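What the coordinates show
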Amino acid sequence: MPFVQVKCINCGTVLQVDGAKGAAVCAHCGKPEEFVIYDSVLVEYRGASTVTKVVVPKTVRAIGAGVFRDRSGLVGVTIPNSAR
Ligand SMILES: [Zn+2]
C-alpha cells in the first residue's frame with residue numbers, strides 16, 4: 001500500500017502515513033489513528049476490538065469492501081452523507 005491519508009478522530013488532524021506500517025499516532029494529540037483513508041476511500045479500519053460504535057470521517061466518499069469485516073463487536077457504524 002502506498003502512503004495513505006489518515007485522519008485523527010480525536011482532533012481532526014490529517015496525516016500522511018506509510019500504509020504498510022500499521023496505525024499511526026497523531027502528532028497533534030498523541031492518540032492512535034483508527035481510519036486509513038486512501039483517495040477519499042476508507043480502506044482499512046484499525047480501531048481496537050473493544051470499539052462498539054464507529055463514526056466514519058466526513059472526508060470519506062466511499063467505503064472499501066470488507067473494511068468492517070470480522071468486527072463482530074460493532075453495533076453501529078455512522079456513515080457521513082458524503083458516502084451515501
Ligand atoms: Zn489527533
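For the structure given in this document, a descriptive report is provided here. Residue positions are counted from 1 within each chain, in the order its sequence is given. Residue-level local features of this predicted model are given only where pLDDT is at least 70; pairs of side-chain atoms are given and counted only at 80 or more, and the full residue set underlies all totals for whole chains, interfaces and linings.

**Points about the overall build of the chain**
- Along the backbone of the chain there are zero helices and seven strands.
- Only runs of H or I of at least four residues qualify as helices and only runs of E of at least two qualify as strands under DSSP, and these elements are numbered from the N terminus. When its helices and strands are written in sequence order, the chain yields β-β-β-β-β-β-β.
- Put simply, the radius of gyration uses C-alpha atoms, and a globule should come to 2.2 Å times the residue count raised to 0.38. Here the chain has a C-alpha radius of gyration of 12 Å; the compact-globule value for 84 residues is 12 Å, and the two agree.
- Across its three principal directions, the C-alpha atoms of the chain cover 30 × 25 × 25 Å.

**With respect to the pairing of strand 3 (residues 35-38)**
- Pairing between two strands requires that DSSP report at least two bridges joining them. Here strand 3 pairs with strand 4 (residues 41-45) via four bridges, running antiparallel. Following the sheet pairing, V36 is matched in strand 4 by E44.
- Linking strand 3 back to strand 4 in an antiparallel pair, the connection comprises two residues, with D39 at a positive phi of about 55 degrees.

**Some thoughts on the nonpolar core**
- Counting residues in each nonpolar core, the largest one holds 10 residues, listed as V4, V6, F35, V36, I37, L42, Y45, V54, V56 and V60.
- In terms of residues, this core owes the most to one element, strand 3, which gives three residues.
- C-beta atoms are placed from the backbone for every residue, and two residues are taken to be in contact when these atoms lie within 7 Å. Sequence-distant contacts of F35, that is, excluding residues within four places in its chain, are made with V6, K7, I9, L42, Y45 and P57. By convention the nonpolar core is taken to be a set of buried residues drawn from Ala, Val, Leu, Ile, Met, Phe, Trp, Tyr and Cys and joined through C-beta atoms within 7 Å. Buried, partly exposed and exposed are defined by the number of other C-beta atoms within 10 Å of a residue's own C-beta, namely 20 or more, between the two limits, and 12 or fewer respectively, with C-beta atoms placed from the backbone.

**Here's the deal with the pairing of strand 4**
- With two bridges connecting them, strand 4 and strand 6 (residues 62-63) associate as parallel partners. Paired with V41 across the two strands is A62, which belongs to strand 6.

**Examining unusual backbone geometry**
- Look at D39: it is not a glycine, yet its phi comes out positive at around 55 degrees.
- Looking at the secondary structure, you find D39 in the loop between strand 3 and strand 4.
- For D39, a count of 10 C-beta atoms within 10 Å gives the class exposed.
- One non-glycine residue, S40, lies in positive phi territory at about 65 degrees.
- Note on placement: S40 falls in the loop between strand 3 and strand 4.

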